Amino acid sequence: MEEKLLELRSVGYSYHTMQGETPALHNINFTVHKGEFLAIVGPSGCGKSTLLSLLCGLLEPEHGSILLYGQKLYQKSAGNIGYMLQHDHLFEWRTILQNVLLGPEIAGKLTPARREAVEQMLKTYGLYKFKDARPSQLSGGMRQRAALVRTLALEPEILLLDEPFSALDYQTRLTVGDDIGSIIKKEHKTAILVTHDLSEAVSLGSRVIVLTARPGTIKNIINIKFPEYLTPLQRRNAPEFKDYFNQLWKEMNEHE
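Quick summary incoming for the structure in this document.

Rules used throughout
Every chain is numbered on its own, with residues counted from 1 as its sequence reads. Given that the model is predicted, a residue must reach a pLDDT of at least 70 before its local features are reported, and side-chain atom pairs must reach 80 or more before they are shown or counted; all residues, however, enter totals for whole chains, interfaces and linings. The side-chain values count all of the structure's non-hydrogen atoms but skip hydrogen atoms and water molecules. Helix numbers and strand numbers start at the N terminus; a helix is a DSSP run of H or I with at least 4 residues, a strand a run of E with at least 2. As a reference, a globule follows 2.2 Å times the number of residues to the power 0.38, and the radius of gyration itself is taken over C-alpha atoms. Throughout this description, buried means an accessible area under 20% of the type-specific maximum (1.4 Å probe, protein chains only), exposed means over 50%, and partly exposed covers the range between. Any two residues whose heavy atoms approach within 4.5 Å are treated as being in contact. A residue counts as positive if it is Lys or Arg and as negative if it is Asp or Glu; His and the chain ends are not included. For this purpose, a charge sits on NZ of Lys, CZ of Arg, CG of Asp or CD of Glu. DSSP bridges decide pairing: two strands pair if at least two such bridges lie between them. An axis is simply a line fitted to the C-alpha atoms; with a helix, the fit covers only the stretch in contact. Between two such axes, the angle follows the N-to-C directions and lies from 0 to 180 degrees. Every definition here rests on a 1 Å grid over the protein atoms only: cavities are sets of points where a 1.4 Å probe fits but cannot get out, pockets are open sets enclosed by protein on both sides within 12 Å along at least five of seven lines, and lining residues have some atom within 4 Å of a point. Grid points are joined across faces, edges and corners, and a volume is the space filled by probe spheres set on the points. Residues are sorted three ways: Asp, Glu, Lys and Arg are charged, Ala, Val, Leu, Ile, Met, Phe, Trp, Tyr, Cys and Pro are nonpolar, and all the rest, Gly among them, are polar. The length a helix should cover is 1.5 Å for every residue beyond the first. Our arc is simply the arc of the directions from the helix axis toward the C-beta atoms. Here a polar contact means two N or O atoms within 3.5 Å. Within protein one must be a hydrogen donor candidate and the other an acceptor candidate, and residues neighboring in sequence count only if both atoms are side-chain atoms.

### Thoughts on the overall build of the protein
Item 1. A tally of helices and strands in the protein yields 9 helices and 10 strands.
Item 2. Here the protein has a C-alpha radius of gyration of 18 Å; the compact-globule value for 256 residues is 18 Å, and the two agree.
Item 3. Taken along the three principal axes of its C-alpha coordinates, the protein extends 50 × 45 × 40 Å.
Item 4. Buried residues in the protein amount to 51% of all 256 residues.
Item 5. Long-range pairs, those at least 24 residues apart, make up 71% of the contacts in the protein with a sequence separation of at least 6.
Item 6. In the protein, 29 side chains carry a positive charge and 29 a negative one; their mean positions are 3 Å apart.

### Regarding the sheet that holds strand 1 (residues 4-17)
Item 1. Within the open sheet, the 4 strands sit side by side as 2-1-4-5. Their pairing is antiparallel. Only two strands of the sheet have a single partner each, and these edge strands are strand 2 (20-33) and strand 5 (71-72).
Item 2. Taken together, the 5 bridges between strand 1 and strand 4 (residues 63-68) define a ladder with antiparallel strand orientation. What sits directly across from Arg9, in strand 4, is Ser65.
Item 3. Each of strand 1, strand 2 and strand 4 is contacted by helix 1 (residues 48-55), which is oriented at about 120° to strand 1, the strand it contacts most.

### What to know about the pairing of strand 2
Item 1. The pairing of strand 1 with strand 2 spans 10 bridges and is classified as antiparallel. Bridging across to strand 2, Tyr13 finds its partner in Leu25.
Item 2. What sits between strand 1 and strand 2 in their antiparallel hairpin is a turn of 2 residues.

### Some words on the sheet that holds strand 8 (residues 190-194)
Item 1. If you trace the 6 strands from one edge of the open sheet to the other, you get 6-7-8-3-9-10, paired in mixed fashion. Sheet topology places strand 6 (81-84) and strand 10 (218-223) at the edges, where each strand pairs with a single neighbour. Strand after strand, the sheet turns through a mean of 15° between neighbouring axes, direction not considered.
Item 2. Pairing geometry for strand 6 and strand 7 (residues 158-162), over 4 bridges, is parallel. Its bridge partner lying in strand 7, Tyr83 is registered against Leu160.
Item 3. Here helix 1 sits on the sheet and contacts strand 3 (37-41), strand 6, strand 7, strand 8 and strand 9 (207-211); the angle it forms with strand 7, its principal contact strand, is near 155°.

### Concerning the layout of surface pockets
Item 1. Roughly 690 Å³ of volume is contained in the largest pocket.
Item 2. What lines the largest pocket is a set of 27 residues, among which Gly35, Phe37, Ser206, Glu228 and Arg235 lie closest to the centre.
Item 3. Of all elements in the fold, only helix 6 (170-186), helix 7 (198-204) and helix 8 (232-235) reach the threshold of two or more residues within the lining of the largest pocket.
Item 4. Of the residues forming the lining of the largest pocket, the biggest block, 4 residues, is contributed by helix 6.
Item 5. Split into classes, the residues belonging to the lining of the largest pocket amount to 9 nonpolar, 10 polar and 8 charged.
Item 6. Considered as a void within the structure, the second largest pocket measures approximately 500 Å³ in volume.

### A short note on helix 9 (residues 239-253)
Item 1. The end-to-end C-alpha separation of helix 9 is 23 Å, in line with the 21 Å expected for 15 residues at 1.5 Å each.
Item 2. Among the residues of helix 9, those classed as buried are Phe241, Tyr244, Leu248, Glu251 and Met252. Projected onto a plane normal to the axis of helix 9, the buried residues spread over an arc of 100° and lie on a single side. Exposed residues lying more than 90 degrees from the buried face of helix 9 are Pro239, Lys242 and Lys250.

### Quick word on the environment of Asn29
Item 1. In this structure, Asn29 sits in strand 2.
Item 2. Setting aside its immediate chain neighbours within four residues, Asn29 contacts Leu8, Arg9, Ser10 and Ile218.
Item 3. A polar contact of 2.6 Å, which involves the side chain of Asn29, links it to the backbone nitrogen of Ser10.
Item 4. Within the structure, the side chain of Asn29 is placed 3.1 Å from the side chain of Asn27, a separation counted as a polar contact.

This is the structure:
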């Protein structure tokens, strides 16, 4: 039986201003198992980014609870969760190696063994020969790979991916999505991806959660099944791909 890693029970959240209350999420229930790649899609403003903020401990649910290994998620336990943003946010005054070691350095966990493991990841994913380069000397795709290695350097239990390919041009986006999906699988990590791109959700996800317009509620959860050996890029050419894409498209446009 798959190990239950993360569980959301009746989670709700609203934003409060002087003008009043704006509900963002309502009655969100789902479970994430170890090694799963979950994609979340929905119309703009449906609360996808709010959901990621709740999952990484930046916000606390107003209703319901979020459990990590059966224990309530607090800010301190959110240290087990890595967050990869839309932009790589690599520091130009640090080399690539210094950038990817930043997390362990700040956390006081930069042991010789951790440094060796990170350097090995750079070798495995084709970045080691650029370890002394500055971020501006790398392509957009290589920078995103470096950003992923930086996120993995802290050995998180779960990776949260907030549209990490959206700043890239289309061709690079396909290649980097393939790279990063394959790296996450190779490293046996659990990932939750928020995306506007339905093709991306199908090519990367093992399940796709479809949210309604604000306040976001779960409209449907679609199981995605492809042969295990297919990379994300190869999934796009598989006969099942079109059916999943069309199913998602229909779900997304029924509210219009």
